[in-house]
Amino acid sequence: MPAITVKNIPEPLYKKLKEAASAHRRSINSELIYCLEQMFLPKRVNISERIKRARELRNGIDASPVDIDDIQNAINEGRS
C-alpha cells in the first residue's frame, strides 16, 4: 500500500486533526485517510432522501411575497 509524508502542517490544522481523531477514536493517520476519502471518493446519492430533504427545506422557508416597497424600506433601514 502506498505511503505519504505530509510536512509543514500548520499547527492549528494539526491540532484540529488531532482533536477530530480523538473524538472519533481514530489515530491521526486513520482520521486523515477518512478526511481524504470524504473529500475525493464519490458518494452514492440516495435520490429519495435528497428529494425528502429538499422538501423539508422548502417547507421551512417563509414564502410570503415581498414587494418593492418592502425591499426599499429594508435598504433605507440599512443605510441609517
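Everything here concerns the structure above.
Described below are features of the structure shown in this document. (Residues numbered from 1 in each chain as written. Predicted model: local features only at pLDDT ≥ 70, side-chain atom pairs only at ≥ 80, totals over all residues. Heavy atoms only, no water.)

## A closer look at a nonpolar patch on the surface
So, step 1. A cluster of nonpolar residues, Ile4, Val6, Ile9, Leu13, Tyr14, Leu32, Leu36, Met39 and Phe40, forms a patch on the protein surface that exposes about 900 Å² of accessible area.
So, step 2. Residue assignment for the nonpolar patch shows that the elements contributing at least two residues are helix H1 (11-23) and helix H2 (28-40).
So, step 3. In terms of residues, the nonpolar patch owes the most to one element, H2, which gives four residues.
So, step 4. The class of leucine 32 is partly exposed, set by a relative accessible area of 30%. (Patch = residues over 30% accessible without salt bridge, like charges linked within 9 Å, V, L, I, M, F, W, Y side chains within 5 Å. Areas by Shrake-Rupley, 256 points an atom, 1.4 Å probe, with all protein chains shown as cover. Salt bridge = Lys/Arg side-chain N within 4 Å of Asp/Glu carboxyl O. Helix = DSSP H or I, 4+ residues; strand = E, 2+ residues; numbered from the N terminus. Buried < 20%, exposed > 50% of the residue type's maximum accessible area, 1.4 Å probe, protein only.)

## Thoughts on the layout of surface pockets
So, step 1. Computed from the structure, the largest pocket encloses a volume of approximately 310 Å³.
So, step 2. Around the largest pocket, the lining comprises 14 residues; the ones closest to its centre are Ile4, Asn29, Leu32, Ile33 and Leu36.
So, step 3. Counting only elements with at least two residues in the lining of the largest pocket, the list comes to H1 and H2.
So, step 4. If one sorts the elements of the lining of the largest pocket by residue count, H2 sits on top with five residues.
So, step 5. For the lining of the largest pocket, the class distribution of residues is twelve nonpolar, two polar and no charged.
So, step 6. Here the second largest pocket is characterised by a volume of approximately 170 Å³. (1 Å grid on protein atoms, 1.4 Å probe; cavity = no way out; pocket = protein on both sides within 12 Å on 5 of 7 lines; lining within 4 Å. Points joined across faces, edges and corners; volume = space filled by probe spheres on them. Nonpolar A, V, L, I, M, F, W, Y, C, P; charged D, E, K, R; others polar.)

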